Amino acid sequence: GGVTVLAVELKADRFLRRMVRILVATAVREAVRQSSHDSLRRIVLSRDRNEAAVAAPSEGLCFVGAGYEPYDLSLGGAAIRQLVTES
């Protein structure tokens, strides 16, 4: 057996209140549903809050740091990587 860890790296020029928790919850929901690979992008671009999941609880989320380099919008707003580690 193993432990599955979902590492979410978000990059933007600003975040609104609870935005990261909503993005994480939506990413998890879409992964569980085995939705198409672009479903998170589609939801974000729709700008319809009703399409997103309820905010994830703050437990288990960890803020790593903030950077101040110029942001390249062509990179997109979120990168999601799933890491599986064997115990």
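Just above, that's the structure.
Residues numbered from 1 in each chain as written. Predicted model: local features only at pLDDT ≥ 70, side-chain atom pairs only at ≥ 80, totals over all residues. Heavy atoms only, no water.

**Comments concerning the overall build of the protein**
Line of reasoning, step 1. Across its full length, the protein holds two helices and two strands.
Line of reasoning, step 2. Starting at the N terminus and ending at the C terminus, the protein contains elements arranged as β-α-α-β.
Line of reasoning, step 3. Scored against the burial criterion, the 87 residues of the protein give a buried share of 15%.
Line of reasoning, step 4. Nonlocal contacts in the protein, meaning residues at least 24 apart in sequence, comprise 72% of its contacts between residues at least 6 apart.
Line of reasoning, step 5. Accessible area for the protein stands at about 7,200 Å²; split by element, carbon and sulfur atoms hold 55% of it. (Helix = DSSP H or I, 4+ residues; strand = E, 2+ residues; numbered from the N terminus. Buried < 20%, exposed > 50% of the residue type's maximum accessible area, 1.4 Å probe, protein only. Contact = heavy atoms within 4.5 Å. Areas by Shrake-Rupley, 256 points an atom, 1.4 Å probe, with all protein chains shown as cover.)

**A look at the side chain of Glu-30**
Line of reasoning, step 1. Within the secondary structure, Glu-30 is located in helix H1 (residues 19–32).
Line of reasoning, step 2. In this structure Glu-30 comes out as buried when scored by relative accessible area, which is 7%.

**Re the pattern of salt bridges**
Line of reasoning, step 1. Counted by the stated rule, this structure contains three salt bridges.
Line of reasoning, step 2. Notably, a salt bridge pairs Glu-30 with Arg-29, separated by 2.9 Å at the nearest N-O pair.
Line of reasoning, step 3. Within this structure, Arg-29, Glu-30 and Arg-33 form a network of salt bridges that share partners. (Salt bridge = Lys/Arg side-chain N within 4 Å of Asp/Glu carboxyl O.)

**Topic: the environment of Ile-22**
Line of reasoning, step 1. Note that Ile-22 resides in helix H1.
Line of reasoning, step 2. Owing to a relative accessible area of 15%, Ile-22 belongs among the buried residues under this scheme.
Line of reasoning, step 3. When the C-alpha positions of Ile-22 and Ala-52 are compared, they lie 7.0 Å apart, and in sequence the two are 30 residues distant.
Line of reasoning, step 4. Those residues within four positions of Ile-22 in sequence are excluded, and the remaining contacts are Arg-49, Ala-52, Ala-53, Ala-55 and Ala-56.

**Examining a nonpolar patch on the surface**
Line of reasoning, step 1. Taken together, the side chains of Leu-6, Val-28 and Val-32 define a hydrophobic patch exposed on the protein surface, amounting to about 250 Å² of accessible area.
Line of reasoning, step 2. Summarising the element assignment, Val-32 is placed in helix H1.
Line of reasoning, step 3. With relative accessibility at 66%, the residue Val-32 sits in the exposed group. (Patch = residues over 30% accessible without salt bridge, like charges linked within 9 Å, V, L, I, M, F, W, Y side chains within 5 Å.)

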